[in-house]
Structures are given as C-alpha cells and as structure tokens.
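One letter stands for each residue in the lines below.
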Amino acid sequence: MRKSIQVHSDCPNGWIRNNGRCYKFQTEKQNWPNARQMCKWHDSDLMAIETVAEQNWFVQQALTFNHSDADDGFWLSGTDWSEEGNWVWESTTEPFRYQIWGDLQPNNKNNSEHCLDALNFFTYAWSDEWCDWGNLQYVYEKPEPVRYWYRFLFGR
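Source: prediction; values computed, not measured.

K.L.:
Just checking my understanding: could you explain the state of the cysteines for this structure?
P.N.:
In a disulfide, the sulfur atoms of two cysteines are held together by a covalent bond. Tallying each qualifying case throughout the model produces two disulfides. In this model Cys11 forms its disulfide with Cys22; the gap between the sulfur atoms is 2.0 Å. Taking the sign of the S-S torsion, about -85° here, the bridge from Cys11 to Cys22 comes out left-handed. With Cys11 in the loop between β1 (2-8) and β2 (16-18) and Cys22 in strand β3 (residues 21-30), the pair connects residues that are eleven residues apart, well separated along the chain. In terms of burial, Cys11 and Cys22 fall into one category: buried. Note on cysteine connectivity: Cys115 is disulfide-linked to Cys131, with sulfurs 1.9 Å apart. On the sign convention where negative is left-handed, the bridge of Cys115 and Cys131, at about 100° about the S-S bond, is right-handed. Placement of the pair is Cys115 in strand β8 (residues 115-119) and Cys131 in the loop between β9 (126-129) and β10 (136-143), with a sequence separation of 16 residues. Cys131 matches Cys115 in its accessibility class, with the two residues each being buried. Going through the protein chain in sequence order and numbering each bonded cysteine, the pairs you get are 1-2, 3-4.

Next up, the structure:
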C-alpha cells in the first residue's frame, strides 16, 4: 500500500508566505502590462485580493514601504477592460467577490481607466487607473510550493 502526504515547502527566497500563497513585493515601477509580464516570467501573476483578511494583510505589508507620495502604490490583477464596470481578476478570470474601493472609485476617468491599483492616497483601498501609467510597484502572487512524500506500508 502506498500513502502520499502533502508537505508544503517554503516560498522562494525573498518571497513572503501567507495563507498557502507566496508573495513578492516589487520595488521597481512599471505600467500594468509590463508588471504582469514580469510576474509571468517569475511563474506567478499579479496579486488578487479576494477576502477582507487578505486585504488587511496586504495593507500591513504595503505600509512597510513608507510611501510618501499619494500616488505611490501597487498594481493588482483586476481589470474591467472586457466590459466597463465588470471587474475580474485577470490572474484567475474570476469576478470580484470582495471589493474595497477608495472614495469616488472606480471612476473610469476619461473613459480610459481599466486596471486596478491600491494607492497610498486611499490607504491602499482600490482605484481604477490608466493601464499604461508606468509609475507603480506591483505584487507577485503564486501558490505555495507543495511536495509529495510517499510512504510505502507493507504487511497488515
């Protein structure tokens, strides 16, 4: 008889583990498409925040960056470019189930804001932004690595 046991291993060096996921906060600034491409190159995607607990954890982490400019913040994986006002996580293709928008957001300013960010100005609540604006940091997210160990049992 063979029994498998799942063992969660640590996240890669420089990544932070939270609730079965691994995250890396990037300090370089990119526009949304380039940030997502950078994530893909690291076998990850932009962060999707799907619960209050995950938002609270994200804010705690974001506050450690000591952003001084109101426009400092992070790209997240949400967009509404398929249908205005219909926000989905590009990383999972799932619609938003949890939302925490900043004041008067989303506003689709000039009919051109279709990518999701979390800005210092809103204490990291969300806003829609022009996707090609190249002035935000971003967060990688991927599942925590899992290793399988097999144990063989013989006899009774």
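Here the narrative resumes, following the displayed structure.
K.L.:
Please explain the packing of aromatic side chains as it appears in this structure.
P.N.:
To describe a pair of aromatic rings, one takes the distance between the centres and the angle between the planes. Following the criterion strictly, the structure yields 21 aromatic pairs and no others. Seen from their ring centres, Phe25 and Trp57 are 6.1 Å apart, and the 55° between their planes marks the pair as tilted. Of this pair, Phe25 sits in strand β3 while Trp57 is found in helix α2 (residues 52-63), placing the two residues 32 residues apart along the sequence. Like Trp57, Phe25 is buried. Every member of this aromatic cluster is reached through a ring pair, and the members are Tyr23, Phe25, Trp57, Phe58, Phe65, Phe74 and Tyr124. For the cation-ring pair, Lys142 lies above Trp15, with the distance from its terminal atom to the ring centre recorded as 4.5 Å.

K.L.:
Just checking my understanding: could you explain the pairing of strand β5 (residues 73-79) for this structure?
P.N.:
For β5, the tally of buried residues reaches seven of seven residues, placing the bulk of the element in the interior. Pairing analysis gives four bridges linking β5 to β8, with the strands arranged antiparallel. Paired with Trp75 across the two strands is Asp117, which belongs to β8. Sheet topology note: the β5/β10 ladder contains two bridges and is parallel. Each residue of the ladder has a partner; that of Trp75, found in β10, is Tyr138.

K.L.:
Teacher, can you tell me more about the side chain of His114 here?
P.N.:
Looking at the element boundaries, His114 is found in the loop between β7 (94-95) and β8. A polar contact of 2.9 Å, which involves the side chain of His114, links it to the side chain of Asp80. Side chain to side chain, His114 and Glu84 meet in a polar contact 3.2 Å long.

K.L.:
So what exactly am I meant to see when it comes to the environment of Cys39 here?
P.N.:
Take Cys39: it is sitting in helix α1 (residues 32-41). Overall, the relative accessible area of 0% leaves Cys39 in the buried class. Along the primary structure Cys39 and Glu141 are separated by 102 residues, whereas in three dimensions their C-alpha atoms are 7.9 Å apart. Contacts of Cys39, omitting those with residues within four sequence positions, involve Ser44, Asp45, Leu46, Tyr138, Val139 and Tyr140.

Reading the values: rules and limits
- Residues numbered from 1 in each chain as written.
- Predicted model: local features only at pLDDT ≥ 70, side-chain atom pairs only at ≥ 80, totals over all residues.
- Heavy atoms only, no water.
- Disulfide = S-S within 2.5 Å.
- Helix = DSSP H or I, 4+ residues; strand = E, 2+ residues; numbered from the N terminus.
- Buried < 20%, exposed > 50% of the residue type's maximum accessible area, 1.4 Å probe, protein only.
- Phe/Tyr/Trp six-rings, centres within 6.5 Å; stacked < 30°, edge-to-face > 60°.
- Lys NZ or Arg CZ within 6 Å of the ring centre and 35° of its normal.
- Pairing = 2+ DSSP bridges.
- Polar contact = N/O pair within 3.5 Å; in protein donor to acceptor, adjacent residues only side chain to side chain.
- Contact = heavy atoms within 4.5 Å.

No statement about biological role is implied by the geometric values presented.
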